[in-house]
Every structure is written in C-alpha cells, then in structure tokens.
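Summary of structural features
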Amino acid sequence: MPGLRGALAVLAAGALAGALVGFPAPVTVAAPGPSGSGTVTVAAPGSSGGGPDLARLTAQRPAWRTCPAGFPSITDPSSGGSSSASSATAQRFQCARLEVPRDYAHPERGTLRVQMVRLPATGPGKRLGSLVINPGGPGDSGVKYLMDNSDAFAHLGQRYDLVSFDPRGTGHTDPISCGTSFTPVGGTGAESLAGNERRINEACGRYSGVLLPYVGTVDVARDMDVLRSAVGDRKLTYLGFSYGTRLGSVYAHTFPRNAGRLVLDGVEDPTTNTWQTAVAQARSFQRVLDDFAADCVGMSGCPLGTDAATARRQLTDWYGQLTDHPLRSHGAIVDGTTYAYALREALYSRSTWPVLRDALAQLHAGDASGILQLSGQGTGSGSGNGSGGGRRPGGVPGSWPGRGDGTGWRGPGGGGSGYSATEPMPSQDQLALRAISCRDSSERYGPADFPRAQRELTQASPLFGPDIAPTLLDCYGWPVPGDDAYRNVAAPDAPPALLVATTGDPATPYEGAARMARVLANKSVVLTYHGEGHAAYTAGNPCVQEKVDAFLLDGVLPVGGAGCR
C-alpha cells in the first residue's frame, strides 16, 4: 500500500550513486515503436556534441533487460532491502534506464538517468499499453514498490505492462544525499529546532546542490511524459496514490493532450498550502484515531476501557506519560514521539487496527515492544505498506519525528534533551521527501513562526499536533528557492480522471478530492469509499477495485457521486 514514510535510518554518502542498471551506452535497440514495430537508434549521452537534444530523448526506446538478482538493493535500512516478490515473479521483472534532461529549460546542460522497472503483460486479452504506477511519498521508490506489490495489480497486469520508476532524487535515480551526520545546535526552544534543520539543509546543499533546483513535481511530470513516449504509448495511463495524485494532476495540467486514463487515489488537496495541509492532517489523524477508539471499546478486552471518552483520554494520557517518562524496549527508547508514530502507522489501514489493539494492551502492562515495532524502529519497516519504512503525513516535508515541546534537538530514538557530538542524517527517502517538498513550496517558516504552529497544531490534535509542528521548520535555510507551481492543476483540455477518496483517510482528508476535481475543471469523477485507511484500491475493497479496473481497462467512469462500502 502506498504511503509517506518516516522511519529512522542512516545513509552513507553516495551509497546509491553506483552502477546504472539496465541502460547501457551507447544505446541502439530493436524495439517496438508506437506502431508496434521498427528499430530505434538512440545516441549515447553527450554524443551529439552540443549536449542532449530533447527531441532525441523523447525518441529513445529503453533497453529492457531482466533485473539483476537481488535488485533493488537500496543501501538504506528504511527501504527494507531487496524486493520481496516471489522468485517466479521476480524473474519476470525487467529494468531499464531513461535519459532525461536535468534542466528542461537547458537540456544541453546534462542529463539524469531515471531507473525504471516493468512487468510485462501476462494476458489473456489484448495488450493495452503500459500502466505507470506511482506509490506516493514524495521520496518513495516506485521501483521497489512495484516489485514488492505487483500482486495487487495482477488483474490490470493481464492487459497492461506494469511500469514504475524512481523519481529524480529518490531510490536509484540520482538520490539526494546530505552526508551521513551533522553537528546539532545546542540550546533549547524554537531557535534550536530551526538551527538543526538549517544545518541539515546546508549539508544537503553541499552534497546535492546541483540537483536540488530540479527535483520538483513539475520536472518529474516532464520525466513521465518522456517515459510515456519511450514505452511507445500515445496517451499516458496512470495510477497514482497519495503524493502520486499531485504528480498525476500536474501531468494532466502540463500535458493535457497526452493524458489518457488517469486514476488518482488518496487525493491531495491542491487548494491548501503546507501549513494548512499540516493542520488538516492533524485533524484527520485525530478523527481516525477517535474512530479506532470507538471501535475498540465495542470489543471485549479493549485496553482503552469501555466507553469512547475514556478511551480517547487514555490514548492522550499515554502520550504525555511516554513523553515525560520514556520506556525502553529491545535497547531502544520508546517516548511520546515513537508512540505517536506507531499510532499514525496503524491508522493508514484498518487491517492494522487489531495489531494496534495488541500493542496497546502490551503498553498497558508496561511492555512497549509492540509500539516500538509499529513505529518502524523495531524492524525498520513500520506496519508495512509495501514501500518500506514508516510514513509521514502526506505533503508535510521533514526528516524524523521532532520533539514538539521546544526542549531542543533530540535524535532518533532519543528521549530528553541531551545532545551528542553528532547526529545521523535522516534516511534517504526522508531527505528526498524534504528536497521535493521544499522545491514544491515557496513557504519558508522559521523560529518566529514555531509558537503559532505549535499552538494551532496542538489545538487540531493534542496527540499528533505537537510532533507535526516541527516539520513546518524543515525548509528553514533550504539552499534553493521553491515555488507553488504544482498547485496550478487546471486541466480543462484533459480527459476526465477518476479520483478515489476514502471518508476515513488520515493522511489525505476526504474533502481534498472534491476540491481537486473542481480545480481540474475537466469533469473528473469522485468515487467515494466509505471506510478507513489511506488509499482505497490496494485495501482490497471489491467495489473500488471493480470500478477502477472498469475505467482503466474499458474506459468506463462510474456515475458521478458513486460510492463503495
């Protein structure tokens, strides 16, 4: 299942910048063109003398080859290591590289090589083309997601080649690096919190400064159009989750005549800025947690009590107790932030609610091991969503959970306001999330803004708000400016898209889908799933899957206002 991640990990500088997989140079390949046959010759990067030509890049055909054994071996504990696909399926995956301009305004100034993966259509039935899948993030590896979760798309994979890619700055596509550690700022309060974010961001500028201006969603959408052309499709067929809905809407705005059947599931709200998104998500996570509490007290043995009010109070009390008096489990400290992360992880899918009940029962008995595991620190994978690692709320940049009480920097798994000489950098996926989010926003909040952020977010959710508030400082001192271009998604000339919205979605509140449909202004249809969880298609609801498949396979949109339960 798609999602946004926040597991703690350390990435060695440059660890992912090694071998390029599946895109040898020079490239001369015999491959089907748009008409189904023909040989396409693509010059090696830079061989044209004056640098890459955009027309040449859009004419390329990737040299698909069986992915190497153990791929993708992302050197980041939060990534979960190599693919978990079955051996039979793993042998069918094909890898390739796609050459794209680093700067589309100046394609002669160098290129990036986007890592792609493909699972060819199995049949039966006539092949329809390629279905491009984005799992969300930003920062998640699309390659790893597809290789781990291809079974969820098996029906679509009969008629479509399933394709995904690592967006620029992530996974195996020029991953953002900021070094391995930084020296934290001493002191306490907002100045200390902001000072540490600035130090992280300055390091990102030193290590990845050349790439940072070019990792925004608008550039990734352009990459996706090069990909569409490269796989020989006249129109893009696309399934995007969470942040992937932002990417899909930007594509429709930028390339309306190249947009085909687009499905956006777990829809971001293009009308809100970063601050407003953080507040909305705090409220939404709190609302879904209250739903969990009400569900729990209706069952025998609920560790939260026998009525909803008591249950909500107990959940909040544990947060305060763990903040003031952390517990230890398996050598790690479980504090209020770890606890809030565990709750957030579990709320991404209703199927995880029983696991959360068990973890809270253990906590009631003084055992924090279940909370540790749910948070992602116990195993490095959180509750599991196929993309590895824990998640942060969608659209909120950041590294790892920050201490929301202003008592100073506290590294991963810390507890209290002590300092060490150095702290590990956030995991690579979190650095990519930060880089993309800061490029996608003109907002730059600093220490003077923190008291208001803390106040408004705590009011929105006394449990989640204090740990979301520090994320608004994550672009403080970011070395390159950002803009809000991704929020301009008007696409009146694009065909209608299918927007899937879950009423109990904690990360992308339900109301965002209707606002996205209104701004797209192309008669897009909202399919409502009356349930809980982030993104509906992979949750296994037969009604949602039937309607999404009918659109992608046959072009049949559900009637406006349609719903599933």
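Relevant structure appears above.
Residues numbered from 1 in each chain as written. Predicted model: local features only at pLDDT ≥ 70, side-chain atom pairs only at ≥ 80, totals over all residues. Heavy atoms only, no water.

Regarding the overall build of the protein chain
Stated precisely, the cut-off is as follows: To qualify as a helix, a DSSP run of H or I must reach at least 4 residues; to qualify as a strand, a run of E must reach at least 2; elements of each kind are numbered from the N terminus. A 1.4 Å probe rolled over the protein chains alone gives each residue an accessible area, and that area as a share of the maximum for its type sets the label: buried under 20%, exposed over 50%, partly exposed in between. Between two residues, a contact is recorded if the distance between any of their heavy atoms is within 4.5 Å. Here, Shrake-Rupley sampling with a 1.4 Å probe gives the accessible areas, and only protein chains in the shown set may cover a residue.
For the protein chain, the helix and strand inventory stands at 16 helices and 16 strands. Relative to its full complement of 565 residues, the protein chain shows a buried share of 61%. Long-range contacts, defined here as pairs at least 24 residues apart, represent 78% of the contacts in the protein chain between residues at least 6 apart. For the protein chain, the computed accessible surface area is about 19,500 Å², with 50% contributed by carbon and sulfur atoms.

Here's the deal with the state of the cysteines
What counts here: Cysteine sulfur atoms are paired as a disulfide whenever they come within 2.5 Å of each other.
Throughout the structure, instances matching the rule amount to five disulfides. The disulfide bridge from cysteine 67 ends at cysteine 95, spanning 2.0 Å between sulfur atoms. The disulfide joining cysteine 67 to cysteine 95 has a torsion of about 105 degrees about its S-S bond and is therefore right-handed. Remark: cysteine 95 occurs in strand S4 (residues 94-101) and cysteine 67 occurs in the loop between strand S3 (65-66) and helix H2 (87-90); sequence separation between them is 28 residues. You'll find cysteine 67 and cysteine 95 in the same group, each marked buried. With its bonded cysteines labelled in order along the sequence, the protein chain shows the pairing 1-2, 3-4, 5-6, 7-8, 9-10.

Here's the deal with the pattern of salt bridges
In plain terms, the rule: For salt bridges, the criterion is a side-chain nitrogen of Lys or Arg within 4 Å of an Asp or Glu carboxyl oxygen.
The full count for this structure, using the stated rule, is 18 salt bridges. Of the charged contacts, one joins aspartate 223 and arginine 168 as a salt bridge, the two residues approaching to 2.8 Å between their closest N and O atoms. Of this pair, aspartate 223 sits in helix H5 (residues 217-230) while arginine 168 sits in the loop between strand S7 (160-165) and strand S8 (181-182), and the two are 55 residues apart along the sequence. In this structure aspartate 223 comes out as buried when scored by relative accessible area, which is 2%. Glutamate 268 is the partner of arginine 246 in a salt bridge, and the nearest nitrogen-oxygen pair spans 2.9 Å. On the criterion of sequence distance, the pair formed by arginine 246 in helix H6 (residues 243-254) and glutamate 268 in the loop between strand S10 (259-265) and helix H7 (274-297) is long-range, its members being 22 residues apart. Like glutamate 268, arginine 246 is buried.

Description of H7
The condition that has to hold: The span expected for a helix works out to 1.5 Å for each residue beyond the first. Between N or O atoms, a polar contact is any pair within 3.5 Å; within protein, one atom must be a potential hydrogen donor and the other a potential acceptor, and residues adjacent in sequence are included only when both atoms are from side chains.
When the terminal C-alpha atoms of H7 are compared, their 35 Å separation across 24 residues agrees well with the 34 Å that a helix rising 1.5 Å per residue should span. The buried fraction of H7 is high, at 17 of 24 residues. Residue asparagine 273 occupies the N-cap position of H7, its side-chain oxygen lying 3.2 Å from the main-chain nitrogen of tryptophan 275.

A short note on the pairing of strand S15 (residues 525-532)
The condition that has to hold: One requirement defines pairing of two strands: DSSP has to find at least two bridges between them. When the strands point away from the viewer and the path from the first strand over the helix to the second turns clockwise, the crossover is right-handed.
Of all eight residues in S15, six are buried, a share of seventy percent or more. The pairing of strand S14 (residues 498-504) with S15 spans six bridges and is parallel. Residue pairing for S15: leucine 498 is matched across the bridge by valine 525. Remark: the S14/helix H15 (residues 511-520)/S15 crossover connection has right-handed handedness. Here S15 runs beside strand S16 (residues 563-564); their pairing, made up of two bridges, is parallel. If you follow threonine 528 over to S16, its bridge partner there is glycine 563. Read as a crossover between parallel neighbours, the route from S15 over helix H16 (residues 542-554) to S16 is left-handed.

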